[in-house]
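Next come the chains, spelled out residue by residue.
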Amino acid sequence: NAGVTQTPKFQVLKTGQSMTLQCAQDMNHEYMSWYRQDPGMGLRLIHYSVGAGITDQGEVPNGYNVSRSTTEDFPLRLLSAAPSQTSVYFCASRRGTSYEQYFGPGTRLTVT
Amino acid sequence: QQQVKQSPQSLIVQKGGISIINCAYENTAFDYFPWYQQFPGKGPALLIAIRPDVSEKKEGRFTISFNKSAKQFSLHIMDSQPGDSATYFCAASSRGATNKLIFGTGTLLAVQP
């Protein structure tokens, strides 16, 4: 059981570039979500999905897109990177009937 | 708006002492209150959680105290150890399919040997 995996671990982008952060889980969890972590602000929810084909916005969705074509994968797309998107991004998953979320190791993104 | 307020922002405790981190919430629909522990370079991991039908939950050296009327809950770490040095996040969630977790801003705990 690998749990929640994220790639890449580190990424540097130039303003305006696009990229996809990958997230996968092997626990057959229905619910997956993306958070960003910034100093002094805790973890803020970007987007979440309650199952394959179903996604919704969280607290800070602007500038990000998601899709959920399979139960296992939940990629996060940055359409046109901005310095304000410099952050550490965490993917998380849980069973639909459970409150407990399992987090991945994170992706540290720097936008210059 | 910040629905879960956490304090202090940072905390220094001597080895063997008690670490106390406090959180307050606004939404009375919240019915699950977890604490997450995060070590540098790692993702947060669930430490301990409580439901509002009990006032205290203890797991080893970690205790959550819950005050429903005051809408506050706290984490107590007894006999704090240098290995407890980490960032701690409180969070809250309400029942339902979306079940979104709302996090506090985090407390950086340093336990000095």
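These remarks concern the structure in this document. Please read these numbers as outputs of a predicted model, since none were measured by experiment.

Concerning the overall build of chain A
Helix and strand counts for chain A stand at zero helices and eleven strands. The order of helices and strands in chain A, counted from the N terminus, is β-β-β-β-β-β-β-β-β-β-β. Taken against the 2.2 N^0.38 rule, which gives 13 Å for 112 residues, the C-alpha radius of gyration of chain A at 13 Å falls within 12% of a compact globule. With respect to the principal axes defined by its C-alpha atoms, chain A has extents near 40 × 25 × 25 Å. Looking at chain A as a whole, 48% of its 112 residues are labelled buried. A total accessible area of about 5100 Å² is found for chain A, and carbon and sulfur atoms account for 50% of it. Across chain A, the centroid of the 9 positively charged side chains sits 8 Å from that of the 8 negatively charged ones.

Things to note about the sheet that holds strand β1 (residues 4-7) of chain A
Residues and elements named next belong to chain A. Read from one edge of the open sheet, four strands run β1-β3-β8-β7, paired in antiparallel fashion. The open sheet has two free edges, formed respectively by β1 and β7 (64-66), since each of these has just one partner strand. With direction set aside, neighbouring strand axes in the sheet form an average angle of 20 degrees. In the sheet, strand β3 (residues 19-25) pairs with strand β8 (residues 76-78) via three bridges, with the strands oriented antiparallel. Looking at β8, one finds that M19 is bridged to L78.

Side note on unusual backbone geometry
The residue after A:T7, namely A:P8, is reached through a cis peptide bond having omega -5 degrees. Inspection of the secondary structure puts A:P8 in the loop between β1 and β2 (10-13). Note the cis peptide between B:S7 and B:P8, where omega equals -5 degrees. A positive phi angle, close to 60 degrees, is found at A:N28, a residue other than glycine. Take A:N28: it is sitting in the loop between β3 and β4 (31-38). Relative accessible area serves as the criterion here: at 57%, A:N28 is assigned to the exposed category.

So, how was this worked out
- Residues numbered from 1 in each chain as written.
- Chains lettered and ligands numbered in written order.
- Predicted model: local features only at pLDDT ≥ 70, side-chain atom pairs only at ≥ 80, totals over all residues.
- Heavy atoms only, no water.
- Helix = DSSP H or I, 4+ residues; strand = E, 2+ residues; numbered from the N terminus.
- Rg over C-alpha atoms; globule rule 2.2 N^0.38 Å.
- Buried < 20%, exposed > 50% of the residue type's maximum accessible area, 1.4 Å probe, protein only.
- Areas by Shrake-Rupley, 256 points an atom, 1.4 Å probe, with all protein chains shown as cover.
- Lys, Arg positive; Asp, Glu negative; His and termini not counted.
- Charge placed at Lys NZ, Arg CZ, Asp CG, Glu CD.
- Pairing = 2+ DSSP bridges.
- Axes fitted to C-alpha atoms, helices over the stretch in contact; angles between N-to-C directions.

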